[in-house]
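# Chains, contacts and geometry: an overview
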Amino acid sequence: MTLALVSRVLIPSYIIFVEDKFFQPAFKRMNYNGTLRLIAVGNLKYQKNYPYLIEAFKKLPKSIRLDIYGSGELAYQLQEEIDKFKLHNIRIVWRAPRH
């Protein structure tokens, strides 16, 4: 297997990669006014590993915000974890599943 250097990342050459305008230096600089807002969308279940995402946010600056959109078996557990550690930069936007 050979490796190719694309935008400072080594990737195996058998992966097809399309370099577009967002890899140009002008697009690498972001002006986000001190706050970066991220979203995660999906079923709130064990296989999606949302607890790991929340664990990572415990170590990130509070200026990085996360909105999680979804519903599922982990919704209450995730909200408890967010409340327990006062992670005010994480918000779960969900509805209870219909029965």
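Just so it is clear, the model here is predicted, and its values are computed rather than measured.

## Some points on a nonpolar patch on the surface
A grouping of Ile39, Val41, Tyr69 and Val93 is seen on the molecular surface, where their side chains present a nonpolar patch of about 360 Å² in accessible area. Relative to the assigned elements, Ile39 resides in strand β3 (residues 36–41). With a relative accessible area of 58%, Ile39 lands in the exposed category.

## Here's the deal with the packing of aromatic side chains
According to the stated counting rule, one finds 0 aromatic pairs in the structure shown. The ring of Phe85 has Lys58 sitting right over it, with the charged end atom 3.6 Å from the ring centre.

## Digging into the pairing of strand β4 (residues 64–69)
Pairing analysis gives 6 bridges linking β3 to β4, with the strands arranged parallel. In the sheet register, Ala40 faces β4, and the bridge partner there is Ile68. With helix α2 (residues 50–57) bridging β3 and its parallel neighbour β4, the resulting β-α-β unit is right-handed. Examined bridge by bridge, β4 and strand β5 (residues 90–93) share 4 bridges and lie parallel to one another. Of the residues in β5, the one forming a bridge with Asp67 is Arg91.

## As for the sheet that holds β3
Strand pairing in a sheet is mediated by backbone hydrogen bonds. Such pairs are either parallel or antiparallel. Sheet architecture is open: 3 strands sit in the order β3-β4-β5, paired in parallel fashion. Edge positions in the sheet fall to β3 and β5, since each has one partner strand and no second. The mean inter-strand angle of the sheet, taken between neighbouring strand axes irrespective of direction, is 20°. Each of β3, β4 and β5 touches α2; the most contacted strand, β4, lies at about 165° to it.

## Description of α2
Along α2, the residues classified as buried are Tyr50, Ile54 and Phe57. Looking straight down α2, one finds that the buried residues subtend no more than 55° of arc, so they occupy a single side. Contact partners of the buried residues in α2: β3, β4, α3 (75–84) and β5.

## Focus: the environment of Val41
Among the structural elements, Val41 can be located in strand β3. A relative accessible area of 62% places Val41 in the exposed class. When the C-alpha atoms of Val41 and Ile68 are compared, they prove to be 5.9 Å apart, with 27 residues separating the residues in sequence. Setting aside residues no more than four positions away along its own chain, Val41 makes contact with Tyr50 and Tyr69.

## Focus: the side chain of Asn89
The residue Asn89 is located in the loop between α3 and β5 in this model. Only 2.9 Å separates the side chain of Asn89 from the backbone oxygen of Ile64, close enough to count as a polar contact.

The rules behind these values
Residues numbered from 1 in each chain as written. Predicted model: local features only at pLDDT ≥ 70, side-chain atom pairs only at ≥ 80, totals over all residues. Heavy atoms only, no water. Patch = residues over 30% accessible without salt bridge, like charges linked within 9 Å, V, L, I, M, F, W, Y side chains within 5 Å. Areas by Shrake-Rupley, 256 points an atom, 1.4 Å probe, with all protein chains shown as cover. Salt bridge = Lys/Arg side-chain N within 4 Å of Asp/Glu carboxyl O. Helix = DSSP H or I, 4+ residues; strand = E, 2+ residues; numbered from the N terminus. Buried < 20%, exposed > 50% of the residue type's maximum accessible area, 1.4 Å probe, protein only. Phe/Tyr/Trp six-rings, centres within 6.5 Å; stacked < 30°, edge-to-face > 60°. Lys NZ or Arg CZ within 6 Å of the ring centre and 35° of its normal. Pairing = 2+ DSSP bridges. Right-handed = clockwise from strand over helix to strand, strands pointing away. Axes fitted to C-alpha atoms, helices over the stretch in contact; angles between N-to-C directions. Contact = heavy atoms within 4.5 Å. Arc of directions from axis to C-beta. Polar contact = N/O pair within 3.5 Å; in protein donor to acceptor, adjacent residues only side chain to side chain.

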